[in-house]
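# Residue-level structure breakdown
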Amino acid sequence: MQKNTLKYSGLVFLAGASYGAQATTVKITYAAGFTWTQVVASQALFATVLFAMALLVLRMRGRHLAPLSPKQVLALVGLGLNTCIGTVLYNYALTLLPVSVAITLLFQFTWMSIVVQLIVMRRRPHAAEVAAVVVILGGTIMASGVLSITAGSLDPVGVGCGLLSAVSCTFFMFFSSRVGCGLPSIQRGLVVCLGACVLGFALCPDYFASGVLQDGIWRFGLVLGLCALFVPVVLFGIATPHLTPGLSAIMASAELPCGIALSTLVLGEPVEALQVVGVVAILAGIVVSQLPHLLPQANGVKKTP
């Protein structure tokens, strides 16, 4: 049981790490002159293309599609809509707030997931989960650099969008463990991304006519589709049914350390000592969350004379 928990926790960790590429890629895309609606539509489009290509490869290898009921399709499309709503809110927040503040607001999903677990599942979090959330939130504040920003200078609309993106992220992780769990991950992900496309193209109806594909947005859309939708949707779909919402949120906190590392390597953004301490704290919080699954194994090992 402990081995399975560690395995699925590792998959969620990788999904969170994949998300870390989103903020840096979005920032580069904005700098290239594209709008947030075009970014949202591109992310949904290229994730759908990636899932469609993967499904085509599986079909060529003789895999059969699982039958989908209308109820399952609607549930998966709804999950995709929620995913796209979160992307819209976060990307719009990035246009109004410093990246550090937007990330800090998004990371409120760690404690929100604990609250959902408590209310919906009637399950109290383990002491290790609570301790991990406290450590991760403290590390997030230090790592994001938000302490150096005056609160009065922040756009209230941006703050609201950032917090709502955290709510959307919480819902995504919770329902990922309940919607379409028995379906093949690629087929499931394709329907989810089709739901994201519905909202993406509703927000940017002139996407194809505007010529953004010819202008090169496809390069950024491919990275965003892969790192912010394809990989997370597949890995969350596989792992979250086997974990509590609180533990899933904690493991997904790998997003911030990876995001900071990418912004430093790709954008050349400086990293202060306090941010390094914050990253270490986040990683420590992730380790703390796994202690209940590591210690029983350690205690169960017989000492040799």
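Scroll up to find the structure this text is about.
Residues numbered from 1 in each chain as written. Predicted model: local features only at pLDDT ≥ 70, side-chain atom pairs only at ≥ 80, totals over all residues. Heavy atoms only, no water.

## A look at the overall build of the protein chain
Put simply, the rule reads: By definition, any uninterrupted DSSP run of H or I lasting at least four residues is a helix, any uninterrupted run of E lasting at least two residues is a strand, and each is numbered from the N terminus. Relative accessibility decides the category of a residue: with a 1.4 Å probe and only protein chains considered, values under 20% of the type maximum give buried, values over 50% give exposed, and everything between is partly exposed. What makes two residues a contact is simply this: any of their non-hydrogen atoms within 4.5 Å. Accessible surface area values rest on a Shrake-Rupley calculation with a 1.4 Å probe, where residue burial reflects the displayed protein chains alone.
Secondary structure summary: the protein chain contains 13 helices and 0 strands in total. Of the regular secondary structure in the protein chain, the N- to C-terminal order runs α-α-α-α-α-α-α-α-α-α-α-α-α. C-alpha extents for the protein chain along the principal axes are approximately 70 × 55 × 35 Å. Across the 305 residues in the protein chain, those meeting the buried criterion constitute 50%. Intrachain contacts of the protein chain at a sequence separation of at least 6 include 90% that bridge at least 24 residues. A total accessible area of about 14,000 Å² is found for the protein chain, and carbon and sulfur atoms account for 71% of it.

## Comments concerning helix H2 (residues 21–31)
Ala21, Gln22, Ala23, Thr24, Thr25, Val26 and Thr29 are the residues of H2 that are buried. Phi turns positive one or two residues past the end of H2, at Gly33, with a value near 100°.

## Things to note about empty space enclosed by the protein
What counts is decided by this rule: Whether a set of points on the 1 Å grid over the protein atoms alone is a cavity depends on a 1.4 Å probe fitting there but being unable to get out, while an open set qualifies as a pocket with protein on both sides within 12 Å along at least five of seven lines; lining residues are those with an atom within 4 Å of a point. Grid points are joined across faces, edges and corners, and a volume is the space filled by probe spheres set on the points. Three categories are distinguished: nonpolar for Ala, Val, Leu, Ile, Met, Phe, Trp, Tyr, Cys and Pro, charged for Asp, Glu, Lys and Arg, and polar for the others, with Gly belonging to the last.
The tally for this structure, following the rule as stated, stands at 2 cavities of 30 Å³ or more. Size it by volume and the largest cavity reaches roughly 200 Å³. Together, 15 residues line the largest cavity, and Tyr19, Gln22, Gly86, Thr87 and Cys169 are the ones closest to its centre. With 5 residues, the top contributor of residues to the lining of the largest cavity is helix H4 (residues 70–96). Residue composition of the lining of the largest cavity, grouped by class: 6 nonpolar, 8 polar and 1 charged. Here the second largest cavity defines a volume of roughly 30 Å³. Contributing to the lining of the second largest cavity are Val40, Gln43, Ala44, Cys84, Thr87, Ala196 and Leu229.

## Topic: the side chain of Ser177
Looking at the secondary structure, you find Ser177 in the loop between helix H8 (156–176) and helix H9 (185–203). Judged by relative accessible area, which is 12%, Ser177 ranks as buried. Apart from residues lying up to four places away in sequence, Ser177 is in contact with Thr240 and Pro241.

## A short note on a nonpolar patch on the surface
Note the threshold: The patch calculation keeps residues exceeding 30% relative accessible area without a salt bridge and links them within 9 Å when they carry like charges or within 5 Å when they are nonpolar (Val, Leu, Ile, Met, Phe, Trp, Tyr). For salt bridges, the criterion is a side-chain nitrogen of Lys or Arg within 4 Å of an Asp or Glu carboxyl oxygen.
Taken together, Trp111, Val115, Leu118, Ile119, Val120 and Met121 make up a surface patch of nonpolar side chains, about 510 Å² in accessible area. Tracing the backbone through its elements, the reader meets Leu118 in helix H6 (residues 109–120). The class for Leu118 is partly exposed, based on a relative accessible area of 42%.

## Some remarks on H6
Defined as follows: Between the first and last residue of a helix there are one fewer steps than residues, each counted as 1.5 Å, and that sum is the expected span.
When the terminal C-alpha atoms of H6 are compared, their 16 Å separation across 12 residues agrees well with the 16 Å that a helix rising 1.5 Å per residue should span. Among the residues making up H6, those that are buried are Phe109, Thr110, Met112, Ser113, Ile114, Val116 and Gln117. Backbone geometry just after H6 places Arg122 at a positive phi near 55°.

## Some points on the environment of Leu76
Of note, Leu76 is situated in helix H4. Separated by 66 residues in the primary sequence, Leu76 and Gly10 place their C-alpha atoms 24 Å from one another. Not counting residues within four places of it along the chain, the set of residues in contact with Leu76 comprises Val179, Gly180, Leu183, Arg188, Val191 and Val192.

## Focus on the packing of H9 against helix H10 (residues 217–239)
Condition: Only the stretch in contact is used when a helix axis is fitted, and all axes are lines through C-alpha atoms; the angle between N-to-C directions ranges over 0 to 180 degrees. By definition in this entry, angles of less than 35 degrees are roughly parallel, angles greater than 145 are roughly antiparallel, angles of 65 to 115 are roughly perpendicular, and the rest are oblique. Crossings are assigned a handedness: left-handed for a near helix turned anticlockwise from the far helix by less than a right angle, right-handed for a clockwise turn.
Where H9 contacts H10, the two axes come as close as 9 Å, and the packing angle between them is 125°. On the basis of the axis angle, H9 is oblique to H10. The way H9 lies across H10 gives a crossing that is right-handed. For the pair formed by H9 and H10, the contact residues are Ser185, Ile186, Arg188, Gly189, Val192 and Cys193 on the first element and Leu229, Phe230, Val233, Val234, Gly237 and Ile238 on the second. Among the residues making up the contact of H9 with H10, the classes are represented as 8 nonpolar, 3 polar and 1 charged.

## Some details on the environment of Val277
Along the chain, Val277 falls in helix H13 (residues 273–300). Between the C-alpha atoms of Val277 and Ala102, which are 175 residues apart in sequence, the distance is 20 Å.

## Some points on the state of the cysteines
Linking two cysteines covalently through their sulfur atoms gives a disulfide. Keep this limit in mind: Defined by distance alone, a disulfide is two cysteine sulfur atoms within 2.5 Å.
According to the stated counting rule, one finds 0 disulfides in the structure shown. The thiol of Cys84 is not disulfide-bonded; the next cysteine sulfur, from Cys197, is found 8.0 Å away. Looking at Cys84, the relative accessible area reads 3%, which means it is buried. Of all cysteine sulfurs in the structure, the one in Cys227 sits closest to Cys258, which takes part in no disulfide; the separation is 11 Å. The partly exposed category is assigned to Cys258, whose relative accessible area is 25%.

By themselves, these are just geometric observations and shouldn't be taken as functional.
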